[in-house]
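# A structural walkthrough
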Amino acid sequence: MRLIPVVTALVIAGFLAFWILGAAGDAATNEEKLLAAAEAAEPTVDVVAIKSKAIPIENALVLRGQTEAFRKVDVKSEMTGLVVSEPLRAGARVSTGDLLCQIEPGERLVALEEAQARLDEAIAKDEAASQLSQRGFTAETAAKESRASLEAARTAVHRAELAIERLTIEAPFDGMLETDAAELGTLLQPGASCATVISLTPIKLVGFADENQVNRIAPGTLTLARLPDGTEISGYVTFVSRSADTLTRTFRVEVTAPNDDGTIRDGLTAEILVQLSGDVGHLLPHSALTLSDEGLLGVRIAVDDIARFRPVEIMQDTAEGIWVTGLEAEADVIVVGQEFIRDGRSIAVTYTERSALK
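Reading the values: the criteria
- Residues numbered from 1 in each chain as written.
- Predicted model: local features only at pLDDT ≥ 70, side-chain atom pairs only at ≥ 80, totals over all residues.
- Heavy atoms only, no water.
- Helix = DSSP H or I, 4+ residues; strand = E, 2+ residues; numbered from the N terminus.
- Buried < 20%, exposed > 50% of the residue type's maximum accessible area, 1.4 Å probe, protein only.
- Contact = heavy atoms within 4.5 Å.
- Areas by Shrake-Rupley, 256 points an atom, 1.4 Å probe, with all protein chains shown as cover.
- Pairing = 2+ DSSP bridges.

## Some points on the overall build of the protein chain
Summing up its helical and strand segments, the protein chain has three helices and 22 strands in all. Within the protein chain, the proportion of its 358 residues that are buried is 34%. Taking the contacts inside the protein chain whose residues are at least 6 apart along the sequence as the reference set, 75% of them involve residues at least 24 apart. Element-wise, carbon and sulfur atoms account for 55% of the exposed surface of the protein chain, whose accessible area totals about 21,900 Å².

Printed below as a string of structure tokens:
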């Protein structure tokens, strides 16, 4: 009598469980159908696109910069004293080792003679102490003290000789004077300027590349520079900075060019064209660029009436448009309406010419 109610309860529980699961499955299926229907019912979005083909990118970057002296140094005094040489005037050509400033020796010659005399005395004492030590007539420590005195005397002579040498200030390299040399009778102090020497042969051209350009420039790249008077000079990239300027966020690019006659001056404005390899890319209007949901820079293209996002890399920004890579050789790039659609959205495409875009 007790078994029948238990069996009945189990049967009822199983029926209820089956009914609940079935209802849940039907609800999920219905929800999927509703979502699919909603998507199917979502209206297409009208967009405007251009048919773009990859073509060779203009093979030169234009950098703004200026000329710089290949070498420039402010030659300074290391000693204190009066200048006793006639000054060379600004613009004078000098060669390595030419006299720029001669400082009066004062008592330094006397100091050198005194140091030399003490050295001679120390040499004699050291020889005598060494002989006595070898014969056992004096302690070894006395011989070592004598040798120390000898080395100190030699150091004093060397120091005095250096002081004499530093009284003569010479040109460190071939070039020309940018300033007059120190005037006769001028009292120079350590760190005071004797003259400024520059070398314009060769000449250095310095430009600044932004973060989108710098990776395309390498040492050895051919360049052509135009100066304000129309002069054109060719050269090669010799240095590309690895660190950006903290204020402008640009990278220093140095070019070396011949200037045998020295006619190109330091500080002239220069337009530097950097020759590049034959990359290919798409020339698109600036308005075509957009961001993906993940924040990637790119464009939206039309593929079988469906919008698709494609990330791109900017190669060059010009007045005619922006050169990008990362797309197929041919692409239908959406230029109007791309900001209002998501990836995978159905679109109705109207095509236009790039030249018609403002």
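## Let's talk about the sheet that holds strand β19 (residues 313-317)
Strand order in this open sheet of four strands is β2-β15-β20-β19, and the pairing throughout is antiparallel. At either end of the open sheet lies a strand with only one pairing partner, and these are β2 (55-56) and β19. Here β19 pairs with strand β20 (residues 322-325) via four bridges, running antiparallel. Along β20, the bridge assignment pairs Asp317 with Ile322.

## Considerations on the environment of Gly262
Along the polypeptide, Gly262 turns up in the loop between β13 (251-257) and β14 (269-275). Sequence spacing of Gly262 and Ile203 is 59 residues, and the spatial spacing of their C-alpha atoms is 8.2 Å. Excluding anything up to four places from it in sequence, Gly262 contacts Leu200 and Thr201.

## Remarks on the environment of Asn215
In this structure, Asn215 sits in the loop between β10 (193-209) and β11 (222-226). Take Asn215: its relative accessible area is 74%, and that puts it in the exposed class. Sequence separation between Asn215 and Val240 is 25 residues; the distance between their C-alpha atoms is 9.3 Å.

## Overview of unusual backbone geometry
Cis rather than trans, the peptide bond between Thr201 and Pro202 has omega equal to 0 degrees. Looking at the element boundaries, Pro202 is found in strand β10. Although it is not a glycine, Arg249 adopts a positive phi angle of roughly 60 degrees. Mapped onto the elements of the fold, Arg249 is located in the loop between β12 (232-240) and β13. At Asp304, a residue that is not glycine, the phi angle is positive and equals roughly 55 degrees. Locating Asp304 in the fold gives a position in the loop between β17 (297-303) and β18 (306-311).

Take it as geometry only, folks, not as evidence of what the structure does.
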